[in-house]
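As a plain string of letters, each chain reads:
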Amino acid sequence: MKPLPAKLSGYTETKLIDPFEIFIGPVFETGAKGARRFALVVDERHVNMRAVLHGGMYMTFADLALGQAAWDACDHAAVVTLNMQSQFLRGAKLGEIVEVRPVITRRTRSIIFIRGDFQVDGETVFSCASLWKILGQD
Amino acid sequence: MQKARPAELVLGSVQLGLAYGAANRTGKPSHGAALRLVHRAADAGVTNFDTARAYGDSEDRLGEALCARNNIRTVTKLSPLADLPPDASRDIVRGAVDASIGASLTALRREQLNCLLLHRASHMTDFDGAVWERLIELLEEGTILSLGVSVQSPAEAIAALDRRDVRHIQLPFNLLDWRWRDAGVVDRIRARQHLTVHARSVFLQGILATDDASVWPRVEGVDVADLMNLLGEFSRRFERKSTADLCLAYARGQDWVDGVVVGMETEEQLDANLHLCARPPLSPEDCALIEQCVPRVPVQLLNPALWPTTP
Amino acid sequence: MVNRPAGIPEDAEDASIGGFNKYVGPLYRLSDLEEGAVKRFAFAAAEHHMNGAGTIHGGMLMTFMDVSMSRTSRLISGAKSCSTVSLTCDFVGPGKLGDIIESRVRVTRRTRTIVFLTSEIVCGSRTLMVGSGVWKIAVAE
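Residues numbered from 1 in each chain as written. Chains lettered and ligands numbered in written order. Predicted model: local features only at pLDDT ≥ 70, side-chain atom pairs only at ≥ 80, totals over all residues.

> Help me understand the overall build of chain A, please; the structure alone is not making it clear to me.
The helix and strand tally for chain A stands at two helices and eight strands. Put simply, chain A runs from its N terminus to its C terminus through helices and strands in the order β-α-β-β-α-β-β-β-β-β. Here the C-alpha radius of gyration of chain A, 15 Å, is about what a compact globule of 138 residues would show, namely 14 Å. In terms of overall dimensions, chain A has a C-alpha envelope of 45 × 30 × 30 Å along the principal axes. When each of the 138 residues of chain A is scored for burial, the buried share is 42%. (Helix = DSSP H or I, 4+ residues; strand = E, 2+ residues; numbered from the N terminus. Rg over C-alpha atoms; globule rule 2.2 N^0.38 Å. Buried ≥ 20, exposed ≤ 12 C-beta atoms within 10 Å, placed from the backbone.)

Okay, here's the thing in structure tokens:
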């Protein structure tokens, strides 16, 4: 594994299980369960023809990070994405680090609302609001 | 600075005292009709009313209708002092300020003014600072409860925001108006404590709320049909009743705006606006989407003072 | 003729020439429907597209929707480049390994600089995901 960039000191590599996530990963995390921050280092596989982070990769990272937060929030019960609304502010460049701290905005017995502002050096580049269903809670 | 609730409707009363506005076709209402309108607004829960010394009969009509009510906040403005020569003596200037304040107090039937704004932002420094100095004295003695400025441009807003004694700003703002964010005015407002912000002209003198493209001024670089098409799509997408609804919902959705001043002269308009303001405002995401998609229109469109006069 | 995965027509155009598209692809463009009003794209779900539960990962479906809308925006406008402003996706049902996944894209409105689109992601007659997007297109001066 490549050494972590200096900016990611304090981060560890997230344990990924989904083949697609492993395919586009790694992803890094820091912080306690329920308050985890996630980070992605933009590399050659992730960018579009203009060398900025592809929209699909933004959304995949969001699905991953927000999904991890959903999982934390319901004691690791199985969760599925129902809906994701994404807003693209600027493309992250090759080598930049995109970070997010997912926030649970509301929850009911079977639904969790999570949003995240994704930032490069404190500037929000992408934001996402999502709904997750906790399986087995009907 | 987090707001507890979306911006409220402020009754703008220039049309109650004068004939005004590009899309205004009805004309100044009669005395009785004006009083009924104001009563109806207050009954419906409107607590903020905007007027000015320069708005003809407006202060008097508001005063008559509202004097017996509690829990009403009237924002009025200093006379534009158009008759004062630039070299007027300090005493003359102070006298003119006192005359304007006195007339406002009488018309509004009050002992104190809730909020007094400069109608011309330049009065903050004009006449060697004499106007503002007198207003501060009136603030300190309790004749005026809060001071502020009605501005036309980001530069005026920034100058006003630099003054700690400014507690209220009124500015023109609509969903095409990129200037305030661009100039850092919004950031400064958010950083400020004890500040009330009212947005006026959210329909840009009515042109954003109309289906009639011919009402738009002919400004170079503005594709009116394209803009109306875009606004129509956003109205549909966000399930708003009309572009008027969209414009109000956008302004009310701004976390840095406390009130939206809308001028009206009929009860039908009041009812329509009350109805629209009872609906949820646009979310921050929806506002951000609009800001990303609208073209950067020329300043000449955003400032009605620069609109070409009709041929 | 280049090989296409089973289920993808032989004459399908490769729509994933480089970058992330190519990495997660290949993604293909199929023939239009409704006299060009519907643009179609497809991919075959492979191992690397899956999640831990044996269904196609949501991120891959969203990526596919993004690519198909992006391509559609350029096709209908002739613009050299375009960028996603916003994309909303509703997940309806799962896709499986080996499924041929199709995106059907419609333009609902366009202005000089903005394109509004909707898309349905299907496998045969089953709907997997529906979405709507807003794209900014670079217009030639």
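So that's the structure; there's more coming.
> What is the right way to look at the interface of chain A and chain C in this model?
Think of interface size as the accessible area that goes away when the parts come together; that is how it is often given. Each partner contributes to the interface: chain A provides 26 residues, whereas chain C provides 27 residues. In terms of residue class, the side of chain A that touches chain C is made up of 12 nonpolar, 11 polar and three charged. Looking at chain direction, strand β4 (residues 79–88) of chain A and strand β4 (residues 82–91) of chain C are connected through five bridges and run antiparallel. Pairing of Gln87(A) across the sheet is with Ser86(C), part of β4(C). (Contact = placed C-beta atoms within 7 Å. Nonpolar A, V, L, I, M, F, W, Y, C, P; charged D, E, K, R; others polar. Pairing = 2+ DSSP bridges.)

> I'm lost on the nonpolar core in this one. Help?
The tendency in soluble globular proteins is for nonpolar side chains to be buried side by side. Core analysis: the biggest nonpolar cluster contains 155 residues, and Cys247(B), Ala251(B) and Val260(B) have the highest contact counts within it. No other element matches helix α2 (residues 55–73) of chain A, which puts 10 residues into this core. Aside from chain neighbours lying at most four places away, what touches Ala251(B) is Ala7(B), Phe173(B), Ala199(B), Val202(B), Val257(B) and Val260(B). (Core = buried A, V, L, I, M, F, W, Y, C linked by C-beta atoms within 7 Å.)

> For this particular structure, what's the right way to read the interface of chain C and chain B?
On the chain B side, the residues contacting the nine residues of chain C number nine residues. Among the secondary structure elements, those contributing two or more residues to the side of chain C that touches chain B are β4 and β6 (114–123) of chain C.

> Explanation requested: the sheet that holds strand β8 (residues 259–263) of chain B in the structure shown.
Residues and elements named next belong to chain B. Strand order around the closed barrel formed by eight strands is β1-β2-β3-β4-β5-β6-β7-β8, with parallel pairing between neighbours. When strand polarity is set aside, the average angle formed by the axes of neighbouring strands in this sheet is 25 degrees. Of the strand pairs in this sheet, strand β1 (residues 8–12) and strand β2 (residues 48–50) are connected by three bridges, and their pairing is parallel. Across the sheet, Leu11 pairs through a bridge with Phe49, a residue of β2. (Axes fitted to C-alpha atoms, helices over the stretch in contact; angles between N-to-C directions.)

> Just checking my understanding: could you explain the environment of Ala183(B) for this structure?
Assignment of secondary structure puts Ala183(B) in the loop between α7 (179–182) and α8 (185–191). Once residues within four sequence positions are removed from consideration, Ala183(B) is found in contact with Pro154(B) and Ile158(B).

> Looking at this model, I keep getting lost on unusual backbone geometry. Mind explaining?
Gly25(A) connects to Pro26(A) through a cis peptide bond whose omega is 15 degrees. Position of Pro26(A) relative to the elements: it lies in the loop between α1 (19–24) and β2 (28–30). Cis geometry marks the peptide bond from Gly25(C) to Pro26(C); its omega dihedral reads 10 degrees. With respect to the helices, strands and loops of the structure, Pro26(C) is situated in the loop between α1 (19–24) and β2 (28–33). One non-glycine residue, Asp121(A), lies in positive phi territory at about 50 degrees.

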